[in-house]
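Coordinate analysis (summary)
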Amino acid sequence: SVRCSVQNIGNACRIIFSGNVIKGPAHIAETLMYIARAEGSFLLNDLPSISDANKVKLAARLVRGGLLQIVK
């Protein structure tokens, strides 16, 4: 339910939410867009365009940043 936006800036991208910004390489922009557009829970396996290891790393960073929550 947190509003966020994704910006592409040259060879980088970022997701902006609740006064927080998380930056990454441009190749994860599609993944960040998926997250920004999600209307509820999703599985890490649903994330497009990045490896499984990077899905875990990105999700952990977004949980620490306050954008995502772990649902059990």
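Residues numbered from 1 in each chain as written. Predicted model: local features only at pLDDT ≥ 70, side-chain atom pairs only at ≥ 80, totals over all residues. Heavy atoms only, no water.

Now for the nonpolar core. In a soluble, globular protein the nonpolar side chains are often hidden away together inside. Judged by nonpolar contacts, the single largest core of 15 residues is most densely connected at Ile15, Phe17, Leu32, Ile35, Leu58, Leu62 and Leu67. Taken together, the elements giving at least two residues each to this core come down to β2 (12–17), α1 (29–37) and α2 (52–65). With residues up to four places along the chain from it excluded, the contact list for isoleucine 15 reads Cys4, Ser5, Val6, Asn20, Val21, Ile22, Leu32, Ile35, Ala36, Leu62 and Leu67. (Core = buried A, V, L, I, M, F, W, Y, C linked by side-chain atoms within 4.5 Å. Buried < 20%, exposed > 50% of the residue type's maximum accessible area, 1.4 Å probe, protein only. Helix = DSSP H or I, 4+ residues; strand = E, 2+ residues; numbered from the N terminus. Contact = heavy atoms within 4.5 Å.)

This brings us to the side chain of lysine 55. Structurally, lysine 55 is set in helix α2. Accessibility expressed as a relative area gives 7% for lysine 55, which makes it buried. Of the polar contacts made by the side chain of lysine 55, one reaches the backbone oxygen of leucine 47; its length is 3.0 Å. When near neighbours in sequence (up to four residues on either side) are disregarded, lysine 55 contacts Leu44, Asn45, Leu47 and Ile50. (Polar contact = N/O pair within 3.5 Å; in protein donor to acceptor, adjacent residues only side chain to side chain.)

Right, let's get into the environment of alanine 38. Within the fold, alanine 38 resides in the loop between α1 and α2. Look at alanine 38 and you get partly exposed, because its relative accessible area is 30%. As a C-alpha pair, alanine 38 and leucine 68 span 30 residues in sequence and 11 Å in three-dimensional space.

Below, the discussion takes up the packing of aromatic side chains. All told, the structure shown has one aromatic pair when counted by the stated rule. Relative to phenylalanine 42, the ring of tyrosine 34 has its centre 5.6 Å away and its plane inclined at 85 degrees; by these criteria the two rings are edge-to-face. (Phe/Tyr/Trp six-rings, centres within 6.5 Å; stacked < 30°, edge-to-face > 60°.)

What follows is about the sheet that holds strand β1 (residues 4–9). Strands sit in the order β1-β2-β3 across an open sheet of three strands; the sheet is antiparallel. On the outer flanks of this sheet lie β1 and β3 (20–25), each paired with one strand and no other. Taken pair by pair, the neighbouring strands of this sheet meet at an average axis angle of 20 degrees, ignoring direction. Where β1 lies against β2, six bridges are found, and the strand directions are antiparallel. Looking at the pairing, glutamine 7 lines up with arginine 14 of β2. (Pairing = 2+ DSSP bridges. Axes fitted to C-alpha atoms, helices over the stretch in contact; angles between N-to-C directions.)

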